[in-house]
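Listed here are the chains, written in short residue letters.
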Amino acid sequence: MPNPSRAALIDRLPKAELHLHIEGSLEPELLFALAERNGVAIPFASVEEVRAAYSFFNLQDFLDIYYQGMSVLLHEQDFYDLTWAYLLRADADNVRHVEIFFDPQGHTERGLAFETVLSGIERALKDGEVQLGISYRLIMCFLRHLSEEEAFATLDQAMPYLDRIHGVGLDSSEVGHPPAKFSRVFARARDLGLHVTAHAGEEGPPEYVHQALDLLEVERIDHGNRALEDAALVSRIADEGLTLTVCPLSNLRLCVIKDIADSPVRRMLDLGLKATINSDDPAYFGGYINANFHAVAEALDLTEAEIVKLAENSFTGSFLPLTDQARHLNEIAEAVHG
Ligand code: HPA
Ligand code: ZN
């Protein structure tokens, strides 16, 4: 049964989104508009056909379409439009802070300049800060299906822009590409003062989460579902207060879970883990952050206190300074009482 007061609470709570691939926010309408504007041929005749193609059996199925979608992004303005469209949706869901992933290798491989990608995304984020009051951090991901050498080359390309990039992440095809493959790249990123996070335990085994912690020294874990299979790992994540960026609708659409009621959020909260709710690739998975909150709140019958905790975790798990986190926590308290 929908619970109206719980639903209203979700909508009015301030939130941070910590797991969002900006290229995964490319809605079919914008995909079409950019294909036309840039003269790029796409294998779909209509927006409906595009949406119908968004049916996936696993992560790789999705990634194949996700990388294909990127082909319409050619110019700085395209990255601006993509990011601005996401920020408007985030604002409508009362997202006050975003930590956005981008995949430079998905673009430089196609011949685009690193700067084109970075500048378009960043210009929109700056406008979002001024016009919408949404603060941001930018996280550059390495594609784990590519080599260590290519990751190092990407980090080299980023060197002139390190004052504009806040962290590094690790995404793309997980199984067969363990975190260990990128130990040295992440060590270099940490030495450069960058924050570090990595996708682990989405499809890959608990061992990959161990590696992300031990070898990459990540500050948080993206997804982390399969960490729950390992009791010692669960204790470690709880003791260290590590944040998990869970993506419920993504898990459902990528068949990581069979039913939204199987979302790990309930067990993570019960085990004292710092879970957060995020949309991952909302254009492909059927919902932005509030849709993810609503889906799990209903399926898992989350209490209002649990929903507030998830919103609080999104700020305390962010890379914001403690003073900013405290301000957002105050705003959450005001939203609860108001
Ligand atoms: N997992 C791994 N790589 C990704 C994802 C994801 O959910 N989205 C975009 N790249
Ligand atoms: Zn992701």
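Above this text you will find the structure in question.
Here the residue numbers are simple positions, counted from 1 along each chain's written sequence. By the order in which they are written, chains take letters starting at A while ligands take numbers starting at 1. Per-residue local features of the predicted model are confined to residues with pLDDT of at least 70, and side-chain atom pairs are confined, for both listing and counting, to 80 or more; whole-chain, interface and lining totals are unaffected and use all residues. Computation of side-chain values: all heavy atoms of the structure, hydrogens and water removed.

1. Focus on the nonpolar core
Here is step 1 of the chain: Membership of the largest hydrophobic core comes to 107 residues, with the highest contact counts inside it found for Phe-102 and Ile-237.
Here is step 2 of the chain: Looking at this core, the element that brings in the most residues is helix α5 (residues 76-92), giving seven residues.
Here is step 3 of the chain: What makes two residues a contact is simply this: any of their non-hydrogen atoms within 4.5 Å. The contacts of Ile-237, once residues within four sequence positions are left out, are Val-209, Leu-213, Ile-221, Ala-227, Leu-242, Leu-244 and Leu-273. Among the buried residues, those of types Ala, Val, Leu, Ile, Met, Phe, Trp, Tyr and Cys that are joined through side-chain atoms within 4.5 Å form a nonpolar core. For the exposure calls, accessible area comes from a 1.4 Å probe over protein chains only, and a residue counts as buried if that area is under 20% of its type's maximum, exposed if over 50%, partly exposed in between. The way it works is that DSSP assigns letters per residue, a run of H or I at least four long becomes a helix, a run of E at least two long becomes a strand, and they are numbered from the N terminus.

2. Concerning the coordination of the zinc ion (ligand 2)
Here is step 1 of the chain: At this site the zinc ion (ligand 2) is bound by His-19 (NE2), His-21 (NE2), His-199 (NE2) and Asp-280 (OD), with donor distances of 2.0 to 2.2 Å.
Here is step 2 of the chain: Coordinating donors are taken to be N, O and S atoms lying within 2.8 Å of the metal, or within 3.2 Å when the metal is Na, K or Ca; because water is excluded from the atom set, some sites may appear incomplete. All donor residues of the zinc ion (ligand 2) come from one chain, and their arrangement in sequence is H-x1-H-x177-H-x80-D. You can see His-199 sitting in strand β5 (residues 195-200) and its partner Asp-280 sitting in the loop between β8 (274-277) and α14 (282-285), a full 81 residues away along the chain. When sorted by exposure, His-199 lands in the same class as Asp-280, which is buried.

3. Some details on helix α1 (residues 4-12)
Residues that lie three or four places apart on an α-helix share one face, since the helix turns once every 3.6 residues.
Here is step 1 of the chain: Here α1 has its buried residues at Arg-6, Leu-9 and Ile-10. Buried residues of α1, viewed axially, fall in a sector of 100°; they line one side.
Here is step 2 of the chain: Turning to α1, the residues buried within the fold contact β1 (15-21), α15 (289-299), α16 (304-316) and α17 (322-337).
Here is step 3 of the chain: Polar contacts, as used here, are pairs of N or O atoms within 3.5 Å; protein pairs need one atom able to donate a hydrogen and one able to accept it. Residues neighboring in sequence count only if both atoms are side-chain atoms. Measuring from the side-chain oxygen of the N-cap residue of α1 to the backbone nitrogen of Ser-5 gives 3.2 Å; that N-cap residue is Asn-3. Directions are taken from the helix axis to each C-beta atom, and the arc is the one they span.

4. With respect to the sheet that holds strand β7 (residues 243-246)
Here is step 1 of the chain: Should DSSP find at least two bridges between two strands, the strands are taken to pair. Spatially, the eight strands line up as an open sheet ordered β1-β2-β3-β4-β5-β6-β7-β8, and their pairing is parallel. Where the open sheet ends on each side, the last strands, each with one partner, are β1 and β8. When strand polarity is set aside, the average angle formed by the axes of neighbouring strands in this sheet is 25°.
Here is step 2 of the chain: Contacts from helix α7 (residues 114-131) reach β2 (95-102) and β3 (135-143) within the one sheet, and its direction differs from that of β3 by about 155°. Between the N-to-C directions of two axes lies an angle of 0 to 180 degrees, each axis being a line fitted to C-alpha atoms and, for a helix, fitted only over the stretch in contact.

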